[in-house]
Amino acid sequence: MTHRLSPHVHAACCGEDLVLLNLRQGSYACLPGCAPYIALSAGTTALRVGAQDLAEALAEAGAIETGPAEPRFLAPPAARDLAACLPGRRARPLTMALAWSDLARSYWRVPFGEMIARSQRQANGACGDEALIGRLAHDFERMLPWVPAQGVCLFRSCFLLAFLRRHGVSASWVFGVQTYTFEAHCWLQAGDLVLDDHLEHVAGFEPILALEP
């Protein structure tokens, strides 16, 4: 039987493992050895489950449901990072401060699912001029050490996205996972250009969720 992922659930196959991301709970679940029984459909919520007991367990957990598939945004595979771009040369403290104020409303004490929903509501479907985005990302990277608080990948990506949007451009927000040992990670892309990480690092993660720019 053909199923679809529930609206709040995203999935990725990492080798023989199936990883689920529940946006409502803000949590990941790894199901070792289940990937061979799952056929995901890139760019849609459709999937096929080859084992009845697995399908029943996923449905009971609210991870899958029956119904027509719905489209989902699919970011291009990462192929470059900022080493391919001309470095920025400007300090942009005012925009950095405004992005920091945006971050205060969209990051701290905001549940993960609401953070994702807010970003989706601000999306316009286009990144903008790639050369400008590359320079802005360089400028952001140079100023980041002076920010009074630092954080992990989620903080950095959310901050950079607010900074880019303050300049009238945007980026895709990509979330990826790997297993053994399990790790979740996120980064920003303009097309196939990684903006806040190294290509070699993100290549080790299987994308599970991508948000439109």
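Up top is the structure these notes are about.
Remember, it's a predicted structure, so these values are computed and weren't measured experimentally.

A. Looking closely at the packing of helix H4 (residues 130–143) against helix H5 (residues 153–166). Closest axis-to-axis distance for the H4/H5 pair is 10 Å, and the angle between their directions is 125°. When the axis of H4 is compared with that of H5, the two are oblique. Between H4 and H5 the crossing geometry is right-handed. Between H4 and H5, the contacting residues are Ile-133, Leu-136, Ala-137, Phe-140 and Met-143 on the first element and Arg-156, Phe-159, Leu-160, Phe-163 and Leu-164 on the second. Among the residues making up the contact of H4 with H5, the classes are represented as 9 nonpolar, no polar and 1 charged.

B. Summary view of H4. The first and last C-alpha atoms of H4 sit 20 Å apart over 14 residues, in line with the 20 Å expected at 1.5 Å per residue. Every buried residue of H4 is accounted for by Ile-133, Gly-134, Leu-136, Ala-137, His-138, Asp-139, Phe-140 and Met-143. Of the surrounding elements, those touching the buried residues of H4 are helix H2 (93–106), H5 and strand S9 (183–190).

Reading the values: rules and limits
- Residues numbered from 1 in each chain as written.
- Predicted model: local features only at pLDDT ≥ 70, side-chain atom pairs only at ≥ 80, totals over all residues.
- Heavy atoms only, no water.
- Axes fitted to C-alpha atoms, helices over the stretch in contact; angles between N-to-C directions.
- Helix = DSSP H or I, 4+ residues; strand = E, 2+ residues; numbered from the N terminus.
- Parallel < 35°, antiparallel > 145°, perpendicular 65-115°, else oblique.
- Left-handed = near helix turned anticlockwise from the far one by under 90°.
- Contact = heavy atoms within 4.5 Å.
- Nonpolar A, V, L, I, M, F, W, Y, C, P; charged D, E, K, R; others polar.
- Expected span 1.5 Å × (residues − 1).
- Buried < 20%, exposed > 50% of the residue type's maximum accessible area, 1.4 Å probe, protein only.

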